[in-house]
Every structure is written in C-alpha cells, then in structure tokens.
Amino acid sequence: MFTASAQLNVTLICGPTDMRKAIDGLCNIVAYDLEKEPCSDHIFVFCGRARDKVKILQWASNGFWLHYKRLEKGHFQWPGIDDEQLSIQISPRQLNWLLDGLALNLQDAHPHLTYRYHDD
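This is a predicted model, so every value here is computed, not measured. (Residues numbered from 1 in each chain as written. Predicted model: local features only at pLDDT ≥ 70, side-chain atom pairs only at ≥ 80, totals over all residues. Heavy atoms only, no water.)

On to the pairing of strand β2 (residues 42-47), then. Each regular strand carries side chains that alternate between the two faces of the sheet. Taking burial as the measure, the six residues of β2 include six buried ones, the bulk of the element. Burial along β2 is two-sided: H42, F44 and F46 facing one way and I43, V45 and C47 facing the other are all buried. Pairing analysis gives five bridges linking strand β1 (residues 9-16) to β2, with the strands arranged parallel. Bridged to N9 within β2 is H42. Since β1 and β2 lie parallel, the crossover through helix α1 (residues 23-33) that links them has a hand, and here it is right-handed. In terms of strand pairing, β2 meets strand β3 (residues 53-59) through five bridges, oriented antiparallel. (Buried < 20%, exposed > 50% of the residue type's maximum accessible area, 1.4 Å probe, protein only. Helix = DSSP H or I, 4+ residues; strand = E, 2+ residues; numbered from the N terminus. Pairing = 2+ DSSP bridges. Right-handed = clockwise from strand over helix to strand, strands pointing away.)

Attention shifts here to the side chain of T17. Examined against the element boundaries, T17 turns out to sit in the loop between β1 and α1. Since its relative accessible area comes to 9%, T17 is described here as buried.

Set out below in structure tokens:
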C-alpha cells in the first residue's frame, strides 16, 4: 500500500495519461511537457482516461519507484482531467484522499480528532 508522507511534494498531472507508459515515458512527460526534473524530491501522479488507473513516479536516491493502482470498480475523482492546465500541486493528505476515492475539494474529508483517555 502506498502512503504519502507529509514531507513529500506532490505534483498531479491533470490530463489523461496513456497508462501503457513505463518509467521512461513518464519521465519524458515530466521533463519535456512539465519542464520539471524527474529525479527530484517531487512525486508525480498520473491517471488514465477512464480514471480507474493511477501511476506514481518517485525518485529514491539511486532509482525510480513506479507505484500503480487499478480500481476494480468505480473511478478516481480526478480533478482537471479535461482542463488545459498540465499539473497542480497538492498536499500528501489530498493525494491520500484521491487514492481512497475522495474528492480534493473536501475541506475536512477526515477531520482531525484528539482523544483523551484520562481526565487530568
């Protein structure tokens, strides 16, 4: 299971991506279409046209990770799939929302809770 840590910089690719692309093809999108460095501390998140597949490209000091998730039923609530904007920055928390099937525009999809077990 992929979980985005709070330290990650997340770049979401807005338009549909050909999910047949592997690491080199996705790196080309990052480098030439977005004009960003694939070997950086950013993770780059791609979604297919049907919005049932997601690939996450991540550099890890000496090589790439390629994370892949395919939904068996339903689709990801992907923002901007038809927009002209190439990419947006989102928080790691928002990425986890997307991967869980939630929309990005929810203010408090999972509100922060504080429990107290002892009354002092």
